Amino acid sequence: AVVSTQSKQWYQRRVRGARRLVRKDGGISKFVSLLNIPANTNIEVLKEDTQAVELLRCAALGLCSLSKSKKNKRKMKSSGLIQHLSKLITLEVETILVPVVATLSECSVDPEYRAAICEGGIIQYLSKFLESENQELVSHCAKAIFHCAEDDLTRTLIRQHSGLEPLVRLIKFTENVSMLDGVTGAIWKVAIDKENCKVFKDLKLCESLVPLLHSQPEEVMINVAGSIAECAKIPENIEQIRKAGGLTHLVNLLSGTNPTLLINVAHALGKCATEPDSATIIDKYDGVRLLWSLLKSPNPQVQSSAAWAICPCIDNNKDAGEMVRSLVGGLELIVSLLKSDNREVLASICSAVANIAKDEQNLAVLTDHGVVPILSKLVVAHANDEYVKGHIADAIGRCCIWGNNRKEFGSRGVVKPLVRYLKSKDTFVYKAAAMALFHLSLEPENCVVMHENHAKQWLVNMVGDDDWILQEAAAGCIANIRHLALANDISKSGR
């Protein structure tokens, strides 16, 4: 085994060296020039010229091998590769198409290539060739789509060129792992577009994806879980997933160790848990406990994806308070993660705290574990982070309803930065800040700080907002400030 590994490494070094030599000796531009088809060429005659077709095929094959180097990719692009490939792909000669699309697939990892492929009108051909009976060609097309569908325009073009239907049909070819990997990856990326999810709903994609959540290579299951997570934006798709038994398969995958798979599975469960029936099933099969255990992962992305998934599981469970209390050490773990340096972890954990704090008994435990002083530090430390501070304000607002938390938050200097949050242009941030300030305003000393920091001028504007919850919070906060001022005036006049 050692000899085999050493031989493989030796071979890889030799291949890398060969690619480098071709580039340094000017071979790449010569390879690219071989793909040139003169403007006055009769395409039909060219297709019949076996020698010319073979030359084009070999040149494309050579460039496909050379494209595995980043420096070679850059040189190929500057030599006009995309323009030549966009012409070759229109020939629709299968022997040429396979290496051409393979080269496109390899190069499309680079964002600059993706833009050029989209602008070159190649997406429509990639979508068309998904119907081919040549599985190697289909595999390369799917992988190219997987890489290219990182932007909204490409995802839309694939739908417009009827590329979604063949992707769904190709799922049944489970014996070809390479093709299945490409197809499921392409589905995952195009499903980011909500309109594509609606098409997938009508095609009953989720019913076909669920059986692929087991007995498949990890790379396929990663793509499938990612696809399910994106499709679950549509309630009807969640129903398809649930009825096909997908939730139990997803929960079973939480016991794995692959970080990317765990992230996608957690994401999928979180989306599905927005439906109460699905949240119940996830809890029934121990999904919440397994998600909570992922919070101990050393990988911040796994931690945050698990925390985000836990939020709807709590929000849509009738016995959420008891469920959380049954997790030994669970609340202590949550509070400890508020000390994380990762902003995504902080945002997700603050969101989890806000959901957990809806139950008074759990809020009391969070308070005992020191949630108030930690949140008080965070509100200042992340005052310039629009993404995180909304979730911090939300958590503070929820934690105010227990014991002396309002007073302690005030004494720890939380009110002044929260007033500044009201100036944010982010709806979630200023709404969460207004809600938190309303709860804090029930403590007279906090009202004084709000008045001194001119909170009223920002709150008055929010009273006219279309969101009635924000209206009530802003109006209630103003009322509490005025009541204190009035009481102060009466006290002064009485003297």
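1. A short note on the overall build of the protein chain
Now for step 1: Within the protein chain, the secondary structure is distributed over 34 helices and zero strands.
Now for step 2: On the principal axes, the C-alpha backbone points of the protein chain span a range of 105 × 50 × 45 Å.
Now for step 3: Scored against the burial criterion, the 495 residues of the protein chain give a buried share of 51%.
Now for step 4: Once local pairs closer than 6 in sequence are excluded, the contacts in the protein chain between residues at least 24 apart make up 72%.
Now for step 5: Surface accessibility of the protein chain: about 23300 Å² in total, with carbon and sulfur atoms responsible for 51%.

2. Description of unusual backbone geometry
Now for step 1: Positive phi values are uncommon outside glycine, yet Ser 215 reaches one of about 60 degrees.
Now for step 2: Residue placement: Ser 215 occurs in the loop between α15 (205–209) and α16 (218–231).
Now for step 3: For Asp 286, which is not glycine, the phi torsion reads 70 degrees and is therefore positive.
Now for step 4: Position of Asp 286 relative to the elements: it lies in the loop between α20 (276–284) and α21 (287–293).

3. Some remarks on α16
Now for step 1: For α16, built from 14 residues, the straight-helix expectation of 20 Å at 1.5 Å per residue is met to within 8% by its first-to-last C-alpha distance of 20 Å.
Now for step 2: Most of α16 sits out of view: 12 of its 14 residues are buried.
Now for step 3: Those residues of α16 hidden inside the fold are in contact with α13 (177–190), α14 (194–202), α15, α17 (235–243), α18 (246–253) and α19 (259–272).

4. Description of the pattern of salt bridges
Now for step 1: Under the definition given, this model contains 21 salt bridges.
Now for step 2: Across the salt bridge formed by Glu 386 and Lys 389, the nearest N and O atoms sit 2.8 Å from each other. Taken together, the residues Glu 386 and Lys 389, both in helix α28 (residues 386–399) and three residues apart, mark about one turn of the helix.
Now for step 3: Accessibility expressed as a relative area gives 6% for Lys 389, which makes it buried.
Now for step 4: Among the ionic pairs, Glu 408 bridges to Arg 412, the shortest N-O distance being 3.0 Å.
Now for step 5: According to the relative accessible area criterion, Glu 408 is partly exposed, its value standing at 26%.
Now for step 6: Among the charged side chains, a salt-bridge network with shared partners connects Glu 322, Arg 325 and Asp 359.

Rules used in this analysis
Residue positions within a chain follow its written sequence, with the count starting from 1. Confidence filtering applies because this is a predicted model: local features only for residues at pLDDT of at least 70, side-chain atom pairs given and counted only at 80 or more, and all residues used for totals across whole chains, interfaces and linings. Hydrogen atoms and water are omitted, and side-chain values are computed over all heavy atoms in the structure. Secondary structure elements are defined from DSSP: runs of H or I of at least 4 residues count as helices, runs of E of at least 2 residues count as strands, and each element is numbered from the N terminus. The buried label applies to any residue whose accessible area, calculated with a 1.4 Å probe on protein chains only, is under 20% of its type's maximum; exposed applies above 50%, and partly exposed to all values in between. Residue contacts follow a heavy-atom distance rule, with two residues in contact if any of their heavy atoms lie within 4.5 Å. Per-residue and other accessible areas follow the Shrake-Rupley method at a 1.4 Å probe size, with only the shown protein chains counted as cover for residues. By definition here, a helix of n residues has an expected span of 1.5 Å times n minus one. Salt-bridge detection follows one rule: a side-chain nitrogen of Lys or Arg within 4 Å of a carboxyl oxygen of Asp or Glu.

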